[in-house]
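Architecture and fold: a report
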Amino acid sequence: MPYIRTVDREQLMMCSLDSFVAPESIARVIDAFVEGLEPQKIGIAKRKAAIEGRPSYPWRCMIKLYLYGSRKKIRSSRNLAEACRLNVEVKWLMEGLEPDFRTISDFRKENIDCMKKIFHEFNRRISKFLEKGFVSVDGSKFQAVNSKDNNFTANKLDDRIRWLNQHTDEYLRQLAELDEKEDQEEPSGQLTREELEKRLKEAHNRLEYYQRYRAYMEENGLSQLSLTDPDARLMKSKNGFQVAYNVQTAVDSETHLIEDYIVTNQITDHGLLGATVCAIKEAAAGALVEAVADKGYHEVNDMADCLEKGIIPNVILPSGQDTYELEIRYEEAGEEPDTEAGAEGIKRSLRSGNIPKEYEGIIEKAAIVEKKVFVKEAGIEPAGALYDNGEEMKKHAQEGYFVRDRKRNLVYCPAGEILRQKCVKRNGTIRYANKSACKHCKKRNGCYKGKNEGKEIDFSKDTREKPCQDWLKSDGKDAEKEKQVKTGHYELKKVVRITFRPDRKKMSQRKNLSEHPFGTIKRWMDAGYYLLRGKQKVAGETALMCLGYNLERAKNLLGFARLMEAMT
C-alpha cells in the first residue's frame, strides 16, 4: 500500500496566519481577553509607545505571550522567545513579532504586580456565567529558586562552625608535626605542607562566612537565612524538606475554579484562613462567605476573626468534638439598636453578645462571661539573674540551668550547648531545641529521658533561666524551683464566648476541591517550581499559574462559544 502523499516544500501557498489557528483554539480566548483589558486598571508600566529611540513591543502582545505560555508549559523567557519563532499559535498572538528573551524577561520584571489584577479580571468576566458556592482553602509547597545548601538555620550554622573549628585544629596539629620533622622525609600517604595550608585557608574563609551569617541572623532575629532567594524558607513537604513557598488557594465548590490565592513563607497553615478568603469577602458585597479547611487551620483567634468579618470557618474538628468554643472581645452595645449592615454590623452584634441574624443556625450560643486575664506591668525586672555576657551565662548554665540570652535569642544548656528557637507557641512562649546537640550529648540522661529526638524547653517572654531538675539531683544538689518574679496582676474581664458548629457535610467535600487544582498545576502544567526570586515576583508568577489553570477549566465548563462571549 503506498504512503500518504506529502506536500511539496517548494510549493507556493496563499494563506494567512489566521488559517493555521484552530477555530476553537485557546489562543483565540486569550487574544479576546487581553484585547479587552484596560491598561489603567491593571497598572501596565509602559502604556504608551516611546516617541524617541527604538519602538517598544506592544504590551498586549507581551501579556498574550505570557498567558499562552502559562497554559502550554512554556514558562522561561528563552523558551517563550523560541516559541515566537516556531509556534504558529504564538506567531498569531504576537502578530509576527519575535522579541528576544531579555525583552520578554524585562517586561515580566517591570509588570509583575499587574499579573494578579489580570487574574482577578478574568475571574470577574466569567463569574456572571457561573453559579458559585462555598470555597475550600488549602496550601501546598512550591519549590523556590534556592537550594538546601544555600539555606541556613542557626543550628546548622552552629554545627558547621563547630565542625570547621575541629578541622582547623587538626590541620594546625599536622602542620606543627611537620615543623618538628623538618629534616625528615614527609611520610607517604599524608597531606603535604602545601595541601594542609591550602585546606587551612579554605576552612578559615568558610568559617568567616558562617560566622558572618550567624551574626546577621542574631542581629535581625531571623530563624532562617536563604542566600539566593531571601524570602524563601526551608519547609517540610511530601517529598521531604525543600526551600519553598507556602501557596494558599481558595477553590470554588461549584466550578472548581481558583477564586483567589496568597503566597506566604509561613511554614504551617495556622492563621492563614482569614487572610486567604479576605479578598473574596470584600468582593462579595456584604454576603456571607463560607470556607472549609483541614485541621492545619485550627487557630481559634483566626476563626473568631473570620466570624467577625462575615466568613464562616468550617475547619475540620478534632476527634470527638462537634463544636468550637471561640472567644471574642466584649464591647458594650449602645443605647440605640445596631442597624448597620455588613461585616461591621456582624462584628458589633457579636462583640455585644448577640447572635446576628445572618448566623442563626450557625452559631448555637453566644454568652457574656467573665475571665481572668493576666495584665503585665511595666518597670519590673524579669525572672532570672542578670549577666553581662555570654560567657557568664554559659558558666551559670553548667551549674544545672537553662539560661536564655534574650538579645541573641538563644538558650545555654547545662552541657554547654546552644539551643536555638524552634517555634513560637500560640500563648506567646518561645520553644528552644537542638536535636543534633542532644543526639551526641554524653550527659543526655542527666537532662532528658524522653522518647523524642532531644530536649525542648519553653521560655516566656520575661523568663531568663530555668533549673534542670535531673541535673541538679545528679550533682547532689536540691532541685531548685524556678524563680518567678511577678510582672503583672490578674483582672476579671468580660469576653463573649461563642459556640460554633461547622457544617460536616461541606467539610467532607474538601479533598475533592482543593487537591486537584494543585495536582493539575504541578504535574500537567509542570509548574511545581518557581523561576523568579522574591515574594513579590513569586506572587506574580503564581497568578500566571492559576490563570493558566482557570483558562482550561472555564473552557471545559462554558464551552468555547460562551467563553468567548464572556471575554468580549
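Notes on the structure follow.

1. Section: the overall build of the chain
- For the chain, the count of helices and strands is 18 helices and 17 strands.
- Taking 2.2 N^0.38 as the reference for a compact globule, 568 residues should give roughly 24 Å; the C-alpha atoms of the chain span a radius of gyration of 31 Å, well beyond that estimate.
- With the principal axes as the frame, the chain shows a C-alpha extent of 95 × 90 × 60 Å.
- Residues counted as buried form 43% of the 568 residues belonging to the chain.
- Pairs at least 24 residues apart make up 68% of the contacts formed inside the chain by residues separated by at least 6 positions.
- A total accessible area of about 32,300 Å² is found for the chain, and carbon and sulfur atoms account for 47% of it.

2. Examining the environment of Arg173
- Along the chain, the position of Arg173 falls in helix H8 (residues 154-180).
- Separated by 149 residues in sequence, Arg173 and Asp322 have C-alpha atoms that sit 67 Å apart.
- A polar contact is formed between the side chain of Arg173 and the side chain of Glu170, at a distance of 2.5 Å.

3. Remarks on a nonpolar patch on the surface
- Taken together, Met13, Leu17, Phe20 and Val88 make up a surface patch of nonpolar side chains, about 380 Å² in accessible area.
- Relative to the elements of secondary structure, Val88 occurs in helix H5 (residues 88-94).

4. Considering the packing of helix H17 (residues 510-524) against helix H18 (residues 535-567)
- Between H17 and H18, the shortest axis-to-axis distance is 10 Å and the interhelical angle comes to 105°. Comparing the axis directions of H17 and H18 gives the class roughly perpendicular. Taken together, the residues of H18 that come into contact with H17 (itself represented by His516, Pro517, Thr520, Ile521 and Trp524) are Met545, Tyr549 and Glu552.

5. Observations regarding helix H7 (residues 114-127)
- Over its 14 residues, H7 runs 20 Å from end to end, which matches the ideal 20 Å to within 8%, given 1.5 Å per residue.
- Residues Cys114, Met115, Ile118, Phe119, Glu121, Phe122, Asn123, Arg125 and Ile126 constitute the buried set of H7.
- Contacts from the buried residues of H7 go to helix H1 (26-35), helix H2 (39-42), helix H3 (59-71), strand S6 (258-264) and H18.

6. Description of the packing of aromatic side chains
- Scanning the model with the defined rule gives 10 aromatic pairs in all.
- Counting every residue linked through ring pairs, the aromatic cluster contains Phe142, Tyr245, Phe518 and Tyr530.
- Taking the ring centre of Trp92 as reference, the NZ or CZ of Arg28 above it sits at 5.0 Å.
- For the cation-ring pair, Lys116 lies above Tyr261, with the distance from its terminal atom to the ring centre recorded as 4.4 Å.

7. Some details on helix H10 (residues 273-283)
- If you check which residues of H10 are buried, you get Leu273, Gly274, Thr276, Val277, Ile280 and Lys281. Angularly, the buried residues of H10 cover 155° about the axis, an arc narrow enough to put them on a single face. The outward face of H10, more than 90 degrees from its buried face, is lined by the exposed residues Glu282 and Ala283.
- Buried residues along H10 sit against strand S1 (135-143), strand S5 (240-252), S6, strand S7 (289-293), helix H11 (300-309) and strand S8 (311-315).
- After H10 finishes, the residue Ala285 shows a positive phi value of roughly 55°.

8. Overview of the side chain of Gln242
- By the element assignment, Gln242 lies in strand S5.
- The class of Gln242 is buried, set by a relative accessible area of 15%.
- Excluding anything up to four places from it in sequence, Gln242 contacts Lys141, Gln143, Lys148, Arg233, Leu234, Met235 and Ser237.

9. Description of the nonpolar core
- The biggest cluster of nonpolar side chains holds 70 residues, and the ones touching the most others in it are Ile63, Ile118, Ile126 and Met567.
- Top element by residues in this core is H18. It accounts for 14 residues.
- Not counting chain neighbours up to four residues away, the residues in contact with Met567 comprise Val29, Ala32, Phe33, Phe122, Arg125 and Ile126.

10. With respect to the packing of H7 against H18
- Running from N to C, H7 and H18 cross one another at 25°; their axes reach a closest spacing of 9 Å. Here H7 is positioned roughly parallel relative to H18, judged by the angle of their axes. Helix-helix and strand crossings are classified by hand; for H7 and H18 the assignment is left-handed. Between H7, through Met115, Lys116, Ile118, Phe119, Phe122, Asn123, Arg125 and Ile126, and H18, the contact on the second element is made entirely by Gly540, Ala543, Leu544, Cys546, Leu547, Asn550, Leu551, Ala554, Leu558, Leu563, Ala566 and Met567.
- Looking at the contact of H7 with H18 residue by residue, the classes come out as 15 nonpolar, 3 polar and 2 charged.

The rules behind each value
Residues numbered from 1 in each chain as written. Predicted model: local features only at pLDDT ≥ 70, side-chain atom pairs only at ≥ 80, totals over all residues. Heavy atoms only, no water. Helix = DSSP H or I, 4+ residues; strand = E, 2+ residues; numbered from the N terminus. Rg over C-alpha atoms; globule rule 2.2 N^0.38 Å. Buried < 20%, exposed > 50% of the residue type's maximum accessible area, 1.4 Å probe, protein only. Contact = heavy atoms within 4.5 Å. Areas by Shrake-Rupley, 256 points an atom, 1.4 Å probe, with all protein chains shown as cover. Polar contact = N/O pair within 3.5 Å; in protein donor to acceptor, adjacent residues only side chain to side chain. Patch = residues over 30% accessible without salt bridge, like charges linked within 9 Å, V, L, I, M, F, W, Y side chains within 5 Å. Salt bridge = Lys/Arg side-chain N within 4 Å of Asp/Glu carboxyl O. Axes fitted to C-alpha atoms, helices over the stretch in contact; angles between N-to-C directions. Parallel < 35°, antiparallel > 145°, perpendicular 65-115°, else oblique. Expected span 1.5 Å × (residues − 1). Phe/Tyr/Trp six-rings, centres within 6.5 Å; stacked < 30°, edge-to-face > 60°. Lys NZ or Arg CZ within 6 Å of the ring centre and 35° of its normal. Arc of directions from axis to C-beta. Core = buried A, V, L, I, M, F, W, Y, C linked by side-chain atoms within 4.5 Å. Left-handed = near helix turned anticlockwise from the far one by under 90°. Nonpolar A, V, L, I, M, F, W, Y, C, P; charged D, E, K, R; others polar.

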